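Chain by chain, the residues run as shown.
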Amino acid sequence: MGKLKKIIGVVIIAIVIGGGAAFYFLQKDVKAEEETSLSAEELAELSIDTDIITTNLASSGNFGIVQFNILLSDKDTKEEAEKRTAEVRAAIIATVASFTKEELIGESGITMIEEELVKRLTEVFEKGTVERVLVTEFKLQ
């Protein structure tokens, strides 16, 4: 009977420890989600819209008309982006111009250009980072 009590005690302790660990990690995930989801006002405060940009594509005779919404990591980075509009515009033109029309067609093309711009624009800013880039205007000829 003494052995059975020890086994039951060990099982109960394991369940309590496992339950506590599960609770801790689930709460940590919930907090992370709450921190990453921004309100509409916060999104507006941390993002900028580019002008509509027309540029040639890498494929001969084709051009693209694009506009982007860029979400930045903080207000200081947004202020820097507003001061570096020429550099942001140049980075966008260089990035879009490096693709062919065939590469940009479809959802995968839009995703590819958004991801490439996040990398390229992060290099432009001294403070903060680019959280995401969204294509808001997209036409190919």
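Up top is the structure.
Q: Just checking my understanding: could you explain the overall build of the protein chain for this structure?
A: Counting secondary structure elements, the protein chain contains six helices and four strands. Element order for the protein chain, N to C, with α for helix and β for strand: α-α-β-β-β-α-α-α-α-β. Here the C-alpha atoms of the protein chain give a radius of gyration of 24 Å, more than 25% beyond the 14 Å that 2.2 N^0.38 yields for 141 residues. Each of the 141 residues in the protein chain was classed as buried or not, and the buried ones make up 28%. Look at the contacts in the protein chain between residues 6 or more apart in sequence, and 69% of them connect residues 24 or more apart. With an accessible surface of roughly 9,300 Å², the protein chain has 58% of that area assigned to carbon and sulfur atoms. Charged side chains of the protein chain number 16 positive and 25 negative; the gap between the two group centres comes to 10 Å.

Q: Would you mind going over the packing of helix α4 (residues 85-97) against helix α6 (residues 107-124) with me for this structure?
A: What describes two packed helices is the angle between their axes and the distance between those same axes. One way to put it is that α4 packs onto α6 with a least axis distance of 10 Å and a crossing angle of 145°. For the crossing formed where α4 meets α6, the hand is right-handed. Residues E87, V88, A91, I92, A94, T95 and V96 of α4 form the contact with α6, whose own contacting residues are I113, E116, L117, R120, L121 and V124. A per-class count over the contact of α4 with α6 returns nine nonpolar, one polar and three charged.

Q: Please clarify how the nonpolar core should be interpreted in this entry.
A: One finds F68, I70, I92, I113, L121 and F125 to be the most contacted residues of the largest nonpolar core, which totals 22 residues. Elements supplying a minimum of two residues to this core: β3 (63-72), α4, α6 and β4 (130-140). In contact with I70, other than residues within four places in its own chain, are L46, S47, I48, T50, V88, L121, V130, R132 and V133.

Q: Can you help me understand α4 in this one?
A: Side chains three or four residues apart in an α-helix point the same way, a direct result of the helix having 3.6 residues per turn. The end-to-end C-alpha separation of α4 is 18 Å, in line with the 18 Å expected for 13 residues at 1.5 Å each. Taken together, the buried positions of α4 are occupied by V88, A91, I92, T95 and V96. Axial view of α4: buried residues confined to an arc of 125°, hence all on one face. Among the structural elements, β2 (53-56), β3, α3 (75-83) and α6 are those in contact with the buried residues of α4.

Q: Sorry, what's going on with the side chain of E114 here?
A: When you line up the elements, E114 lands in helix α6. Within the buried set, E114 has no salt-bridge partner at all; the shortest N-O distance to an opposite charge, 8.0 Å, is to R132. Engagement of the side chain of E114 in a polar contact is seen with the backbone nitrogen of V135, the distance being 3.0 Å.

Q: Would you mind going over α6 with me for this structure?
A: With 18 residues, α6 should reach 26 Å at 1.5 Å per residue; the first-to-last C-alpha distance of 26 Å fits that figure. Within α6, the full set of buried residues consists of G109, I113, E114, L117, L121 and V124. Mapping the buried residues of α6 onto a view down its axis gives an arc of 130°, with all of them on the same face. What points out from α6, more than 90 degrees from its buried face, is the exposed set E107, S108, K119 and E123. The inward-facing, buried residues of α6 contact β3, α3, α4, α5 (101-104) and β4.

Parameters at a glance
Residues numbered from 1 in each chain as written. Predicted model: local features only at pLDDT ≥ 70, side-chain atom pairs only at ≥ 80, totals over all residues. Heavy atoms only, no water. Helix = DSSP H or I, 4+ residues; strand = E, 2+ residues; numbered from the N terminus. Rg over C-alpha atoms; globule rule 2.2 N^0.38 Å. Buried < 20%, exposed > 50% of the residue type's maximum accessible area, 1.4 Å probe, protein only. Contact = heavy atoms within 4.5 Å. Areas by Shrake-Rupley, 256 points an atom, 1.4 Å probe, with all protein chains shown as cover. Lys, Arg positive; Asp, Glu negative; His and termini not counted. Charge placed at Lys NZ, Arg CZ, Asp CG, Glu CD. Axes fitted to C-alpha atoms, helices over the stretch in contact; angles between N-to-C directions. Left-handed = near helix turned anticlockwise from the far one by under 90°. Nonpolar A, V, L, I, M, F, W, Y, C, P; charged D, E, K, R; others polar. Core = buried A, V, L, I, M, F, W, Y, C linked by side-chain atoms within 4.5 Å. Expected span 1.5 Å × (residues − 1). Arc of directions from axis to C-beta. Salt bridge = Lys/Arg side-chain N within 4 Å of Asp/Glu carboxyl O. Polar contact = N/O pair within 3.5 Å; in protein donor to acceptor, adjacent residues only side chain to side chain.

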